[in-house]
Amino acid sequence: MNPRILAIFAALTISLIYGVNHTIAKDLMPGVIKPYGFILLRVTGAMIFFWGISLFYKSEKVERRDWWRFLACSTFGMVLNMNTFFKGLELSTPINSSVVITLSPVFLLVLSAFVLRERISLLKGVGIFIGLIGALVLILFGVKTQANAPNIPVGNLLFLVNALSYASYLVFVKKLVGKYKPITLLKFLFLFAFLINLPIGWAQFSEIEWASLDFTKTWKICFVVIGTTVLTYLLDIYALKQLKPSTLGVFIYMQPLVATIYAIVTGADQLTSLRVFAASLIFFGVYLATRKKKVKIVVSD
């Protein structure tokens, strides 16, 4: 099969997994496991998996000048990204999280302008502004609390940080994808993530009452560790070998649809008119910021 088609399929799978993860992870916090402890569990499981798999592959030497990029990718992709998302999810709702993270492509555009010196047109600038206004509407004027969401504005703000950190990860990791095998990348990224997250999440990790976990809680934890961590990051690396970060970012738009349907069906969240309005602003802003200019072909007589 065409490698690009497989990469697109990988990107679709990532969005589906992340879409249902908004509700599944939310259901576990904070009663079963608190956010920072959950992140430590995720990166520990992924680290063990990728280092175990690496035993069956020939080891690669990492160039000295690339270690700082490995550290940056791990910090943005497995520390700041994960911790802000899960803490935000504890405080806010699955639908809010899935809507706000669609700003990642906008942040990718802004970062590309600074890092890669790509020009931002007036239309793209307007799109960025509208998208951010939509996020602010959700943060400032939305419901402040509900039964399973004690501080929705702060949670939504953390989702913004999550979107920015994920965009930063995609920009930094793109340059490593072409040089190293996925297993080499991920085993070191998660090793750094484990070391950084250990002091952050150890206290909450040690509070987990393993003996009290029933089948439902266990499979949900396994889904987050194996599906949302190991599988998605592996598919991310694979997809980036064929697709640009901005192209991969577009698939994030699927997440609100999947997350909203799953959250409503399971009774974990509900749709409100303000959320629909804010989401419309964000989607329209992202559309303007990421749309490509049509090239006119002039045929001479």
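What comes next is a walk through the structure. This one's a predicted model, so the numbers in the text were calculated from it and none came from an experiment.

All right, on to the overall build of the protein then. Per the secondary structure count, the protein includes 12 helices and zero strands. Across the 301 residues in the protein, those meeting the buried criterion constitute 52%. Across the protein, every contact between residues at least 6 apart in sequence was considered, and the portion connecting residues at least 24 apart equals 90%. Total accessible area computed for the protein in this model is approximately 14,800 Å², and 70% of it derives from carbon and sulfur atoms.

On to a nonpolar patch on the surface, then. On the surface, a cluster of nonpolar side chains totalling about 440 Å² of accessible area is made up of Leu55, Phe56 and Tyr57. Tyr57 sits in the partly exposed class, given a relative accessible area of 46%.

What the rule picks out here adds up to 18 aromatic pairs. Centroid distance Trp67 to Phe70: 5.5 Å. Interplanar angle 50°. Geometry classified as tilted. Here Phe70 and Trp67 lie together in helix α3 (residues 67–91), a separation of three residues that amounts to about one turn. Residue class for Trp67 comes out partly exposed when judged on its relative accessible area of 30%. Taking 6.1 Å as the distance between ring centres and 65° as the angle between the ring planes, the aromatic pair formed by Phe205 and Trp210 counts as edge-to-face. When its relative accessible area of 44% is taken as the criterion, Trp210 is described as partly exposed. Above the plane of the ring of Trp51 lies Lys187, whose end atom (NZ or CZ) is 4.7 Å from the centre.

Bringing unusual backbone geometry into the picture now. Cis geometry marks the peptide bond from Met29 to Pro30, where omega comes out at -5°. Tracing the chain through its elements places Pro30 in the loop between α1 (3–28) and α2 (35–54).

Turning our attention to the nonpolar core. Formed by 77 residues in total, the largest nonpolar core has its most connected members in Val43, Met78, Tyr169 and Phe190. In terms of residues, this core owes the most to one element, helix α7 (residues 152–177), which gives 11 residues. Residues in contact with Met78, not counting those within four places in the same chain, are Ile39, Val43, Cys73, Tyr169, Leu186, Leu189, Phe190, Ala193, Asn197 and Tyr233.

Moving on to the environment of Ser74. Relative to the elements of secondary structure, Ser74 occurs in helix α3. On the basis of relative accessibility, which here comes to 0%, the residue Ser74 falls in the buried class. When the C-alpha positions of Ser74 and Leu191 are compared, they lie 8.6 Å apart, and in sequence the two are 117 residues distant. Not counting chain neighbours up to four residues away, the residues in contact with Ser74 comprise Val79, Leu189, Phe192 and Ala193. From its side chain, Ser74 meets the backbone oxygen of Leu189 in a polar contact 2.8 Å long. Reaching out from Ser74, the side chain makes a polar contact with the backbone nitrogen of Ala193 at a distance of 3.0 Å.

The next point concerns α1. Think of an α-helix as 3.6 residues a turn; residues three or four steps apart then line up on the same face. Between the first and last C-alpha of α1 there are 37 Å, a value that for 26 residues agrees with the 38 Å anticipated at 1.5 Å per step. The largest bend in α1 amounts to roughly 40° and is located at Asn21. Capping of α1 at its N-terminal end is provided by Asn2; its side-chain oxygen lies 2.8 Å from the backbone amide nitrogen of Arg4.

Rules used throughout
- Residues numbered from 1 in each chain as written.
- Predicted model: local features only at pLDDT ≥ 70, side-chain atom pairs only at ≥ 80, totals over all residues.
- Heavy atoms only, no water.
- Helix = DSSP H or I, 4+ residues; strand = E, 2+ residues; numbered from the N terminus.
- Buried < 20%, exposed > 50% of the residue type's maximum accessible area, 1.4 Å probe, protein only.
- Contact = heavy atoms within 4.5 Å.
- Areas by Shrake-Rupley, 256 points an atom, 1.4 Å probe, with all protein chains shown as cover.
- Patch = residues over 30% accessible without salt bridge, like charges linked within 9 Å, V, L, I, M, F, W, Y side chains within 5 Å.
- Salt bridge = Lys/Arg side-chain N within 4 Å of Asp/Glu carboxyl O.
- Phe/Tyr/Trp six-rings, centres within 6.5 Å; stacked < 30°, edge-to-face > 60°.
- Lys NZ or Arg CZ within 6 Å of the ring centre and 35° of its normal.
- Core = buried A, V, L, I, M, F, W, Y, C linked by side-chain atoms within 4.5 Å.
- Polar contact = N/O pair within 3.5 Å; in protein donor to acceptor, adjacent residues only side chain to side chain.
- Expected span 1.5 Å × (residues − 1).
- Bend = angle between axes of the 7 residues up to and from the residue.

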